[in-house]
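Chain residues, written in single-letter form:
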Amino acid sequence: MSAEVEETLKRISGHKGVEGIVILNKEGIAIKSTLDQTATTQYAGLISSIAAQASHVVRELDPQDGLTFLRLRSKKHEIMVAPDNDYLLVVIQNPTDA
Amino acid sequence: MSNGKADMSAVKETADILERISQRDGTEGVVIVGDKGMVMHSTMEGSLKSAENWVQMTRTAKHVVREVDPTNDLSVLRIRTKKREILITPDDKHMLMVFQTTDRK
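What counts as what
- Residues numbered from 1 in each chain as written.
- Chains lettered and ligands numbered in written order.
- Predicted model: local features only at pLDDT ≥ 70, side-chain atom pairs only at ≥ 80, totals over all residues.
- Heavy atoms only, no water.
- UniProt positions renumbered as here; feature names shortened; annotations may be inferred.
- Helix = DSSP H or I, 4+ residues; strand = E, 2+ residues; numbered from the N terminus.
- pLDDT = per-residue confidence, 0-100.
- Expected span 1.5 Å × (residues − 1).
- Buried < 20%, exposed > 50% of the residue type's maximum accessible area, 1.4 Å probe, protein only.
- Contact = heavy atoms within 4.5 Å.
- Buried area = accessible area lost by both parts, 1.4 Å probe.
- Salt bridge = Lys/Arg side-chain N within 4 Å of Asp/Glu carboxyl O.
- Polar contact = N/O pair within 3.5 Å; in protein donor to acceptor, adjacent residues only side chain to side chain.
- Pairing = 2+ DSSP bridges.
- Axes fitted to C-alpha atoms, helices over the stretch in contact; angles between N-to-C directions.

Undergrad: Now, about the UniProt feature "domain: Roadblock/LAMTOR2" (unreviewed entry) in chain A: what can you tell me, with residues and values included?
TA: Per the UniProt annotation, the sites labelled "domain: Roadblock/LAMTOR2" (unreviewed entry) are residues 5-93 of chain A. In residues 5-93 of chain A, the share of helix is 39% and the share of strand is 37%. The end C-alpha atoms are 19 Å apart.

See the structure below:
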């Protein structure tokens, strides 16, 4: 991965409250992660699925529109998903720490 | 003793809350969806006829949260698109969906 990407990941994970970062490729495979193997694999499958579904319902509602960001807020943390043509960036943060 | 009066005031209170939310700057509409995807109340004329796919997607989101931690629960789902942001707040029987435009005054 390029230095710029590494820099960005470092910057994000330096934010107070960030619990983890996972980058998935188009196939839903984690190419980078700050979480352990088990958690990474778990997130990879789950997030690929929800991102695809969200993207789909958005287009169904309006074919001219497209998903740009997804946030799953729960009691304990927030999962943020930023899709891109080739990748999915997933950041898990604890909003109370941020 | 009938609960008619209690129901009526609950319905009115709900309508008032939805009205207040929908008046907020940038709000395109507020929709309440039942658990099978039927639109129970909507301030947007006709654009969302069946929300079944939205209900299913929200179920998946709930599942994501629970899978990672069974003691955790999804509280809000925010979907941001090029044109709008949709905030989904699910509970046991319903789902509240608020559609907001991204360009607010």
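The rest of the description comes next.
Undergrad: Help me get a handle on the confidence of the model for chain A, residues and values and all.
TA: Chain-level pLDDT for chain A is 92 on average; 97% of the residues reach the 70-or-more range. Predicted confidence in chain A is weakest over helix H1 (residues 3-14) of chain A, with a mean pLDDT of 87, and strongest over strand E3 (residues 67-74) of chain A, with 98.

Undergrad: Explain helix H2 (residues 52-68) of chain B residue by residue, including any values.
TA: Given a rise of 1.5 Å per residue, 17 residues ought to cover 24 Å, and the 25 Å separating the end C-alpha atoms of H2(B) matches this to within 8%. Along H2(B), the positions that sit buried rather than exposed are Trp54(B), Val55(B), Met57(B), Thr58(B), Thr60(B), Ala61(B), Val64(B) and Val65(B).

Undergrad: Outline the interface of chain A and chain B, listing residues and values.
TA: For an interface, size is often stated in terms of accessible area lost upon the parts coming together. Taken residue by residue, the interface counts 28 residues in chain A and 29 residues in chain B. Both faces considered, chain A and chain B share a buried interface measuring about 2500 Å² in area, 59% of it formed by carbon and sulfur atoms. A per-residue breakdown of the area chain A buries against chain B is headed by Leu46(A), Val57(A) and Leu61(A), which together make up 20% of the total. Joining chain A to chain B, the criterion identifies four salt bridges. A salt bridge links Asp69(B) to Lys76(A), with the shortest nitrogen-to-oxygen separation between them at 2.8 Å. Put simply, chain A and chain B have 22 residue pairs in polar contact (both at pLDDT 80 or more) between them. Within the residue set of the side of chain A that touches chain B, elements represented by two or more residues are helix H2 (37-61) and E3 of chain A.

Undergrad: Now, about the sheet that holds strand E2 (residues 30-33) of chain A: what can you tell me, with residues and values included?
TA: Here we have 10 strands laid out as an open sheet, ordered E2(A)-E1(A)-E5(A)-E4(A)-E3(A)-E3(B)-E4(B)-E5(B)-E1(B)-E2(B), and antiparallel in their pairing. This sheet does not close on itself; its edge strands, each paired only once, are E2 of chain A together with strand E2 (39-42) of chain B. On average, adjacent strands in this sheet sit at an angle of 15° to one another, irrespective of strand direction. Strand direction decides the pairing type here: E3(A) and strand E4 (residues 78-83) of chain A, joined by four bridges, are antiparallel.

Undergrad: Could you give me a rundown of the pairing of E4(A), with the residues and numbers involved?
TA: Residues and elements named next belong to chain A. Remark: three residues form the turn of the hairpin made by E3 and E4, two consecutive strands paired antiparallel. As judged from the six bridges shared by E4 and strand E5 (residues 87-93), these two strands associate in the antiparallel manner. Of the residues in E5, the one forming a bridge with Val-81 is Val-90. Count of turn residues in the E4/E5 antiparallel hairpin: three residues.

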